[in-house]
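Architecture at a glance
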Amino acid sequence: MRRALGAVMAAALLASVALVVQRPGPVNAQGGGTVEVTVTYNGAPVIEKLKVNKDTEKCGTEAAIEKVVVGGNKGLANVVASVPTAKGAPRMVKATVDQHGCKFVPHVTAMMPGELELKNSDDILHNIHTYSTANSSINKAQPKFKKVMMEKFEKPEIIKLTCDVHSWMLGWLAVLPTPFFAVTDAGGAAKIENVPAGKQTVEVWHETLGKQTKEVDVKAGQTVKVSFEMKK
Amino acid sequence: MRALGAVIVAVSIVASVGRAGAQAGDAQAGKAAYEKKCALCHGDKGDGKGPAADLVDPRPRDFTTGIYKIRTAASKTPTDRDLFDVITRGMPGTFMPPWDVLPERDRGNLVAYLKTFAPDKFKEAPKKQELPKEVAASPESIKRGKEMYEAIECNKCHGAEGRADGPSRAELKDEWGFPIRPANLTKRWNFRGGGGRAEIAMRLATGVLGTPMPSFVDSVEKPDDIWHLANYIASLGPEAPNYATLLSAQAVKGNIPDDPDAEFWKRQVPQNIPLAGQVTIDPRNFNPSIDMVALRAAWSDTEVAFHVTWDDPTQSAADAAKKAPPDAVSLQFPQKIAEGAERPYFLMGNEADAVYLLRWENGKGATEATANGPTKIAPLAGSEATGKAVYANGQYRLVLKRPLASKGPDRPRFQPAVFLPVAFQAWDGGAGETGTKMSLTSWYYLRLEEPQSNRRFVVPPVVAVLTLAAMLLVVRVANRRA
C-alpha cells in the first residue's frame, strides 16, 4: 500500500516537474529554429552605490543599483531579447520575481501576459510598486509573513518595479506579446529556441540604453546568430 | 403590511436615484467653476501646472493622469463621491482648502469636469472597496492593532510611535519623483482622507495612490486586522488638536523640575498652539515641518519655566562641514511689556520695537537674545536661561527656564496676573530650516496665574451651612405660627 502511494506520488511529482520544465510554446517544433542573440556595450558599467540605513542584516550595508551591467567581452546583461513577429502558445513556465537581499531577483524578468509570482524571502516588509500605463499600476504591501503574492499583468508593456521602503530596489518586468524571448546573461548572450522558420524581427531592450531591432531569417533546425551593439 | 414594505423600498430607491442624479454634474458648467477656483494651482489643462503650482508643496494634483490619492474604490479610479468629498473637505495639511463654500451643484459639476481630463481612466465604473465587518475599538483590538503595526512594519515610514520619523522617510518620493513625507499618525486632523476609524481602515485597504503608501487589504494576517490597525492608529492621538487661545502658567512653590519627563509636567494639560510657515520674507517656508507646539508652563517666586513639546522627525545639531542647521525653538516676548494693546511686529519685531527671544538650540542649549527683525538678532550677554531637552521617536520635549526677575532693561519682567504677549518660532534643521525659513505663530497671551488661596475650600461650605441653618430657622418659625 505504502509502496503504491509512493509510486503515485513520484509519478505526480515527475508530471509536475515535466509541466514546469516544458520549454516555450513549441507550437511547431518541427519547423522551429534557434536564435542566438549577443548584445555588447561600448561603455563602462553604471552601478550606483548607496549607504543603507535600515534592515542591514538583510540588505547589507551598501546597496547597488545595477543600471548597466557589463560582463566579459563587453557583453551587456539584463537585455530582453524577443521575436515580436513570431506568435505562439503561451509559455507554461511560471514567471517569478523574488525580493531577496533587498533586490529584485532577477533584475529583469520577461513573461507573457498572465500571472507573476512575487516572492518575499527577506523576512522584512517590502512593497511592490509598479509603474505602468497599459496595465493598472499597483502598490501593494508584502509584509514578512506574506511570502508569495500573485499579480496579473494582462497587457504587453515594460513595467518598472520599485519598493518604497528600500528606495534603491529597482527591477523591470517585460510583459511580451510573444512566447519567444530570453534575457541576456552576464556575458550578454541569450538563446531563443523553437522560433518559427521564416523572416522574423529580433528586438532587444535595455532599461537605460533603449531598443534596437534586426531582421533575421530563421531556418528550421538551425541556429541563426544575431548581434547588437548598444551605445550610450 | 407587505404593501407598505414595497412602498418604502420603492420610495427609497427613487430617493437614492434622485440623489445620485443630483450628483451627476454637468462638465460644461464645471469648467466655468474650475477656471475661476481651481486653475490657479491645477492649471487650465488640469495638468497641475497652474501659475501658483511651484509655490505649493505638496504640488497640486495633475488630473490628466487620473491618479487620485483618496479612494473608496478597489479599482484605480475614485468614485464620484470620493472626488466630491475631497473638493468639499479639502486636503488637510496641504494647500487644498475645503470648498464647501461652493454650492453643492457646483461641486458636482466640478467632479464631472475633472473626469474629462482623464476620460480613458474613468471609462470603467469604479469597483467599491469592501471592508470586513467593523470591529469596535477596545483595549484588545488596539493591542492586536499594535502587534500588526509592528508585524507589517508601518514604522518603516511612520515611525515607532507614529510620528513620521521612520528610517525610510528621507527616501520617499511620489510617482512624479517629488519628495513626499509620511503622515504623522498622532495628528489625525491632518489625515488627507479624514481621521475617523472607518476612513483610516479604508486608506489601509486601498493605499494612497501615487504615493509610497501601499494597499494592505491582502497584506494583513486576518481580514479583521485592518480594523484593529485602524483602532490602534486612532488611539495614537486625539481626533482634533483643540488649540489653546489663552495660555497660562501654573504657580508653584519651591523648585520647578528641570526634567522634561518629570511627573510634574505629565500632570499638566498641554496647551496646543498651531504654527504656520513664515512666508513674508525670503527665504520663505511654504511647507513647514513643524506645525504645532504644545506648551506647559509654571512659575515660582524665583523662576519661570516653559515646557515645550513638538514633533520633529529628525534630530539634528549644527554641522558646519555639511552646512546643516540645528533644530531650534524660541519663545518671543516684547522687550518691554507696555500698558495697552500695542505689541512689536510679530515677526521678531522691527526697527522701532524690539522683541526678546528665549531660544533653545540642539547642541547649544538655551540662549537669550533681542531682535529688531528676523535678520537683526543680538545675543544677550550673561544669559541665565537654562534648557534641558529629550528627543525620542520623533519628538522633542524641552524645559526652558529663566529667572523671574529681569536682569537689566534688555529683558522683560514676568509679572503675575498680567496678559503677557508671547509668540513661538520653530526650526527643523533636518528639513533645512534656518533663519527666516521657520514656522511661527502670531502673538498669543500668557498669564502667570496667581496661586489660588485655600479659602475657596473653606468659604463655600461655611456659606452653605449658614444658608441651611437660616432655612431651618424659617421653617421652624413658620411651623410654630401654624
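What you see is a predicted model, and the numbers here were worked out from it, not measured in a lab.

Another point: the sheet that holds strand E18 (residues 223–230) of chain A. Residue and element names in this part refer to chain A. Spatial strand order, E15-E1-E18: 3 strands in an open sheet with mixed pairing. Each end of this open sheet is capped by a strand with a single partner; those strands are strand E15 (189–196) and E18. Averaged over all pairs of adjacent strands, the angle between strand axes in this sheet comes to 25°, irrespective of strand direction. Where strand E1 (residues 32–41) meets E15, 6 bridges bridge the pair, whose relative direction is antiparallel. Paired with Val37 across the two strands is Ala190, which belongs to E15.

Glancing now at the domain arrangement of chain B. The domains assigned to chain B are domain 1 (2–115), domain 2 (139–235), domain 3 (246–448) and domain 4 (452–482). Put simply, the middle of domain 1 of chain B and the middle of domain 3 of chain B, counted by C-alpha atoms, are 42 Å apart.

Residue placement: B:Gln28 occurs in helix H2 (residues 27–37). Separated by 151 residues in the primary sequence, B:Gln28 and B:Pro179 have C-alpha atoms spaced 35 Å apart.

Turning our attention to H2(B). Along an α-helix, a turn takes 3.6 residues, which lines up residues three or four apart on a common side. Residues and elements named next belong to chain B. Gly30, Ala33 and Tyr34 are the residues of H2 that are buried. Mapping the buried residues of H2 onto a view down its axis gives an arc of 105°, with all of them on the same face. Of the exposed residues in H2, the ones pointing more than 90 degrees away from its buried face are Gln28, Glu35 and Lys36. Residues of H2 that are buried in the fold lie against helix H3 (39–42) and helix H5 (104–115).

This part is about unusual backbone geometry. A cis amide bond links A:Val105 with the next residue in sequence, A:Pro106, at an omega value of -5°. With respect to the helices and strands, A:Pro106 occurs in the loop between strand E6 (104–105) and strand E7 (108–111). In this chain, B:Asp57 is followed by B:Pro58 through a cis amide linkage whose omega measures 0°. Residue position: B:Pro58 is located in the loop between H3 and helix H4 (80–89).

The next thing to look at is H5(B). The first and last C-alpha atoms of H5(B) sit 17 Å apart over 12 residues, in line with the 16 Å expected at 1.5 Å per residue. The element H5(B) is largely enclosed, with a buried count of 10 among its 12 residues.

Here we take up the interface of chain B and chain A. Facing the 18 residues of chain B at the interface are 18 residues of chain A. Grouping the constituent residues of the side of chain B that touches chain A by class yields 7 nonpolar, 4 polar and 7 charged.

Residues and elements named next belong to chain A. Reading across from one edge, E14-E4-E16-E17 is the order of the 4 strands in this open sheet, with antiparallel pairing throughout. Edge strands, defined here as strands with exactly one partner in the open sheet, are strand E14 (181–183) and strand E17 (210–218). With strand direction ignored, the average angle separating the axes of adjacent strands in the sheet is 20°. In the sheet, strand E16 (residues 198–206) pairs with E17 via 9 bridges, with the strands oriented antiparallel. Looking across to E17, one finds that Glu203 is bridged to Thr213.

Reading the values: the criteria
- Residues numbered from 1 in each chain as written.
- Chains lettered and ligands numbered in written order.
- Predicted model: local features only at pLDDT ≥ 70, side-chain atom pairs only at ≥ 80, totals over all residues.
- Pairing = 2+ DSSP bridges.
- Helix = DSSP H or I, 4+ residues; strand = E, 2+ residues; numbered from the N terminus.
- Axes fitted to C-alpha atoms, helices over the stretch in contact; angles between N-to-C directions.
- Domains from an automatic or database assignment.
- Buried ≥ 20, exposed ≤ 12 C-beta atoms within 10 Å, placed from the backbone.
- Arc of directions from axis to C-beta.
- Contact = placed C-beta atoms within 7 Å.
- Expected span 1.5 Å × (residues − 1).
- Nonpolar A, V, L, I, M, F, W, Y, C, P; charged D, E, K, R; others polar.

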